[in-house]
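Here is how the chains run, residue by residue.
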Amino acid sequence: MKIAVFPGSFDPFTIGHHNIVKKGLKIFDKIIIGIGNNSNKHGLFSVEERKKMIEQVYQFDNNVEVNIFEDMTGDFCKRVGANFILRGVRNSNDFEYENNIAQINKQLFPKILTTIVFSDPEYSALSSSVVREIIKYNKDIRNFVPTLLADYYYDNIKK
Ligand code: ADP
């Protein structure tokens, strides 16, 4: 069974991230979305809120799981039995960044293979920070996040 960890901040998870998961499922049997709990980086949403929101999206998919992790991505992969890291690339900036992390991870965790999936063009301008900006100015996030996530957000988080 091929298991990949898709690590990130996901503050919040967007349709761009969802696009990467859907493509990843063509390669892997199971994807574990890992929300990195970085204590130095205070997000808009708590990691628990992010987890609940993402869980709504995949409530009917038993090949996608959502977890929070505090340690290094490679150690998290080992713990959950994943031999692959899945990351998304939108443009050349992402490429440079992802290439660097992949090389460091390769040195630290030689058995774990980083795989890159390219974003479809319609998602390549989208980021979590764009969604946070839309929230800040009280605009509708529905076109930028998965529908089930938006439903949960408007029913349970935005008051
Ligand atoms: P991080 O803080 O680790 O970069 P993010 O939540 O911003 O976490 O992103 C997680 C992964 O998803 C990264 O590999 C990032 O490049 C990718 N990603 C983010 N937005 C998109 C998008 N719109 N299309 C494709 N990949 C994306």
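See the structure printed just above.
Keep in mind the model is a prediction, meaning the values are calculated, not measured.

### Comments concerning the site of the ligand
- Close to the ligand lie 17 residues, the nearest being Ser9, Phe10, Gly88, Tyr123 and Leu126.
- Take Phe10: an N or O atom from its main chain is 2.9 Å from an oxygen atom of the ligand.
- Burial of the ligand by the protein chains amounts to 88% of its free accessible area of 550 Å².
- Only strand 1 (3–8), helix 1 (15–24), strand 4 (84–89) and helix 4 (92–108) provide two or more residues apiece to the shell around the ligand.

### Looking at the packing of helix 2 (residues 47–57) against helix 6 (residues 147–157)
- At a minimum axis distance of 7 Å, the contact between helix 2 and helix 6 shows a crossing angle of 135 degrees. What the angle tells us is that helix 2 and helix 6 run oblique. Helix-helix and strand crossings are classified by hand; for helix 2 and helix 6 the assignment is right-handed. Every residue of helix 6 that contacts helix 2 at Glu49, Lys52, Met53, Ile54, Gln56 and Val57 is listed here: Leu148, Leu149, Tyr152, Tyr153 and Ile157.
- Class assignment for the residues of the contact of helix 2 with helix 6 results in 8 nonpolar, 1 polar and 2 charged.

### Quick look at the pairing of strand 3 (residues 64–69)
- In the sheet, strand 2 (residues 30–36) pairs with strand 3 via 6 bridges, with the strands oriented parallel. Residue pairing in the sheet places Ile33 in a bridge with Val66 of strand 3.
- Following the backbone out of strand 2, through helix 2 and into the adjacent parallel strand 3, one traces a crossover that is right-handed.

### Quick word on the sheet that holds strand 1
- As summarised here, the arrangement of the 5 strands in space is 3-2-1-4-5, forming an open sheet in which the pairing is parallel. Both edges of this open sheet fall to strand 3 and strand 5 (113–118), since each of them pairs with a single strand only. On average, each strand axis in the sheet is inclined to that of its neighbour by 30 degrees, with strand direction left out of account.
- Pairing between strand 1 and strand 4: 2 bridges, direction parallel. Paired with Ala4 across the bridge in strand 4 is Phe84.

### Focus: the packing of aromatic side chains
- A full pass over the atoms with the stated rule returns 7 aromatic pairs.
- Ring geometry for Phe45 and Tyr153: centres 5.9 Å apart, planes at 85 degrees, overall edge-to-face. On the criterion of sequence distance, the pair formed by Phe45 in the loop between strand 2 and helix 2 and Tyr153 in helix 6 is long-range, its members being 108 residues apart.
- Chaining the aromatic ring pairs together yields one cluster made of Phe6, Phe10, Phe13 and Tyr58.

Criteria and cut-off values
Residues numbered from 1 in each chain as written. Predicted model: local features only at pLDDT ≥ 70, side-chain atom pairs only at ≥ 80, totals over all residues. Heavy atoms only, no water. Near = heavy atom within 4 Å. Polar contact = N/O pair within 3.5 Å; in protein donor to acceptor, adjacent residues only side chain to side chain. Areas by Shrake-Rupley, 256 points an atom, 1.4 Å probe, with all protein chains shown as cover. Helix = DSSP H or I, 4+ residues; strand = E, 2+ residues; numbered from the N terminus. Axes fitted to C-alpha atoms, helices over the stretch in contact; angles between N-to-C directions. Parallel < 35°, antiparallel > 145°, perpendicular 65-115°, else oblique. Left-handed = near helix turned anticlockwise from the far one by under 90°. Contact = heavy atoms within 4.5 Å. Nonpolar A, V, L, I, M, F, W, Y, C, P; charged D, E, K, R; others polar. Pairing = 2+ DSSP bridges. Right-handed = clockwise from strand over helix to strand, strands pointing away. Phe/Tyr/Trp six-rings, centres within 6.5 Å; stacked < 30°, edge-to-face > 60°.

In short, the description is geometric, and any link to function would need to be established separately.
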